[in-house]
Amino acid sequence: MPSEGRNPILVAIDTQEVDRARNLSRSLAGAVGGIKLGLEFFNAHGPAGVAEVAGGRSDLFLDLKYHDIPNTVAGAVRAAIKLQPMILNVHAGGGPAMMRAALEAAEGESARLGVACPKIIAVTVLTSMDDSDLDAVGQRGPAVEQVVRLARLTQNCRLDGVVCSPREIKAIRAACGPDFTLVVPGIRPAGAAAGDQKRVMTPREAIDAGADWLVIGRPITGALDPAAAARGIGQDLA
Ligand code: C5P
């Protein structure tokens with residue numbers, strides 16, 4: 001659970017526009033616990049763009065979901081450490097050797113540069129995949145079983161936690177205990193448009209179920225006053 005007083009909101013800045021990303025990052029300082037930049041922004045503007053938007057902040061979730069052979073993932077992680085993210089992620093499906101290589105690269109490169117080591121977390125099963133999608137890639141059985149299996153593997157590899165959907169929080173908490181970090185998207189304040197998110201929880205429900213961090217995008221970034229929207233969610237959680 002979030003430590004006392006910490007703002008658990010990570011705002012997802014999903015855009016290709018540097019100015020918009022920079023403005024959101026600046027205007028939301030103090031209203032959120034961190035910012036998330038992912039594949040869309042990174043592929044448009046690369047590490048230099050990330051540094052421009054997040055430079056000087058210590059609360060960046062760099063959501064690039066690495067999945068490759070261990071040597072390549074280790075190299076990608078070492079390169080990413082220069083951006084000093086608070087959280088980095090990989091796909092648990094890359095396997096234990098890949099996850100351990102990511103962790104060792106993060107620890108080694110952080111120590112070499114004298115910067116804080118980010119939390120390394122894993123994506124278990126993409127929430128866009130249902131049981132029939134899993135069946136199509138050779139994975140039999142309910143998605144939640146695979147999610148818990150991969151969460152346990154992630155924990156055995158000494159990684160810090162996983163990204164999970166709201167409906168997976170309780171099963172992973174039960175399997176992995178209180179110290180495993182759960183980063184949860186699919187969050188909608190009461191009354192907000194769900195958009196393309198199908199299974200949503202309110203911020204309060206997700207925190208009560210055991211989430212550590214809430215990834216929230218459009219309910220904040222699409223508001224007329226994003227900082228006011230973020231502060232409103234924060235007040236509901238206080
Ligand atoms: O705008 P919204 O609140 O739906 O944004 C949620 C963010 O979390 C997006 O950046 C989306 O890519 C990400 N995400 C998600 N579901 C996952 C993993 C990541 O919605 N399972």
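Here's what I pulled together on the structure shown here. Throughout, residues of each chain are indexed from 1 in the direction in which the sequence is written. With pLDDT at 70 or above as the cut-off, local features in this predicted model cover only qualifying residues; side-chain atom pairs require 80 or more to be listed or tallied, and sums for whole chains, interfaces and linings still use all residues. In computing side-chain values, all of the structure's heavy atoms are included and hydrogens and water are not.

## Quick word on the packing of helix α3 (residues 70-81) against helix α4 (residues 96-113)
Part 1 of the argument: Packing of α3 against α4 brings their axes to within 8 Å, and their N-to-C directions diverge by 30 degrees. Here α4 runs roughly parallel to α3, going by the angle between their axes. Considering the relative orientation of α3 and α4, their crossing is right-handed. On the side of α3, the interface is formed by Pro70, Val73, Ala74, Val77, Arg78 and Ile81, while α4 contributes Ala97, Met98, Ala101, Ala102, Ala105, Ala106, Glu109, Ser110 and Leu113.
Part 2 of the argument: For the contact of α3 with α4, a count of residues per class yields 12 nonpolar, 1 polar and 2 charged. Whenever a helix is involved, its axis is fitted only over the stretch in contact; in every case the axis is a line through C-alpha atoms, and angles between N-to-C directions fall within 0 to 180 degrees. Runs of E in the DSSP output that reach at least two residues are strands. Runs of H or I that reach at least four are helices, and both are numbered from the N terminus. Oblique is the label for every angle not falling under 35 degrees (roughly parallel), over 145 degrees (roughly antiparallel), or within 65 to 115 degrees (roughly perpendicular). In this scheme the handedness of a crossing depends on how the near helix is turned from the far one: anticlockwise by less than a right angle means left-handed, clockwise means right-handed. Residues are treated as being in contact if the distance between any of their heavy atoms lies within 4.5 Å. Each residue is assigned to one class: nonpolar for Ala, Val, Leu, Ile, Met, Phe, Trp, Tyr, Cys and Pro, charged for Asp, Glu, Lys and Arg, and polar for all the others, Gly among them.

## Here's the deal with the side chain of serine 110
Part 1 of the argument: Assignment of secondary structure puts serine 110 in helix α4.
Part 2 of the argument: In contact with serine 110, other than residues within four places in its own chain, are Ile81, Val115, Ala116, Cys117 and Pro118.

## Let's talk about the sheet that holds strand β4 (residues 87-91)
Pairing between sheet strands relies on hydrogen bonds along the backbone, with the strands arranged either parallel or antiparallel.
Part 1 of the argument: Around the barrel, which closes on itself, the 8 strands sit in the order β1-β2-β3-β4-β5-β6-β7-β8 with parallel pairing between neighbours. Each neighbouring strand pair of the sheet contributes to a mean axis angle of 25 degrees, computed without reference to strand direction.
Part 2 of the argument: Pairing of strand β1 (residues 9-12) with strand β2 (residues 34-38), which is carried by 3 bridges, proceeds in the parallel orientation. Paired with alanine 12 across the two strands is lysine 36, which belongs to β2. At least two bridges found by DSSP between two strands is the condition for calling them paired.

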